[in-house]
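Inside the fold
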Amino acid sequence: MQLWALTYFALVLAAAEPRTETFQTGDWKGRANFNSEGAFTDCTVLLADPEGTTIGFVMTHGGNLGMIVANSALNMKPGTKKPVIIHMDGLDSFAAMSDVVAETGVLVPLEIDGALVRNIEQDKEFRVTVREKELNLQLSDTREALKTLKTCVETHRGKKRIEL
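Quick caveat, the model's predicted, so the values are computed rather than measured.

**Re unusual backbone geometry**
Phi at Asp 123 is positive, roughly 60°, even though this residue is not glycine. For Asp 141, which is not a glycine, the phi torsion comes out positive at approximately 60°. Mapping Asp 141 onto the fold places it in the loop between β10 (133–137) and α3 (142–156). For Asp 141, a relative accessible area of 39% puts it in the partly exposed group.

Below you can see the structure in the form of structure tokens.
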């Protein structure tokens with residue numbers, strides 16, 4: 001899961017360094033990520049919330065999907081795992097073991113074709129509980145963001161970045 005942590009930090013650092021691998025869909029900002037050898041690893045897309053919570057999605061070159069949830073009120077040890085519960089009206093609560101990718105953020109594995117993702121795509125409000133902290137999230141344009149994320153992966157899969 002170090003790849004997820006590196007992806008998260010790379011995206012945060014990339015905000016100050018625009019490249020051709022970046023994209024924007026509505027308020028969502030994303031990019032393609034590459035390892036130190038220049039090989040494509042994944043794409044990420046983030047939506048910053050004025051209330052202090054950032055939510056995002058990461059999709060690997062193999063098609064795995066994860067949701068990033070970060071909030072400055074969280075204080076965790078990177079490299080560990082934390083239980084997460086996602087509550088959405090009309091669905092059973094979704095429990096998962098997340099990877100702590102930063103002191104303030106976790107990565108939650110998702111089923112790309114699961115009911116939770118289908119409802120998130122419909123911009124339904126939901127709550128995420130991490131370390132007894134409940135975060136209320138309302139997304140917009142999520143379907144487009146996830147579609148663009150998938151296109152990013154399909155476009156970059158198998159490619160290498162060439163530094164000029």
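**Focus on the state of the cysteines**
What the rule picks out here adds up to 1 disulfide. Bridging Cys 43 to Cys 152, the disulfide has an S-S length of 2.0 Å. The S-S bond linking Cys 43 to Cys 152 shows a torsion near -75°; that makes this disulfide left-handed. Of the two residues, Cys 43 is situated in strand β3 (residues 40–48) and Cys 152 in helix α3; the sequence distance between them amounts to 109 residues. By relative accessible area, which is 0% here, Cys 43 ends up buried.

**Notes on the environment of Lys 159**
Mapped onto the elements of the fold, Lys 159 is located in the segment after α3. Apart from the residues within four sequence positions on either side, Lys 159 is in contact with Phe 34, Gly 38, Ala 39 and Phe 40. Separated by 3.1 Å, the side chain of Lys 159 and the backbone oxygen of Thr 155 make a polar contact.

**Describing the packing of aromatic side chains**
Counted by the stated rule, this structure contains 2 aromatic pairs. Aromatic pair Phe 34 and Phe 40: ring centres 5.9 Å apart, planes at 70°, arrangement edge-to-face.

Conventions we followed
- Residues numbered from 1 in each chain as written.
- Predicted model: local features only at pLDDT ≥ 70, side-chain atom pairs only at ≥ 80, totals over all residues.
- Heavy atoms only, no water.
- Helix = DSSP H or I, 4+ residues; strand = E, 2+ residues; numbered from the N terminus.
- Buried < 20%, exposed > 50% of the residue type's maximum accessible area, 1.4 Å probe, protein only.
- Disulfide = S-S within 2.5 Å.
- Contact = heavy atoms within 4.5 Å.
- Polar contact = N/O pair within 3.5 Å; in protein donor to acceptor, adjacent residues only side chain to side chain.
- Phe/Tyr/Trp six-rings, centres within 6.5 Å; stacked < 30°, edge-to-face > 60°.

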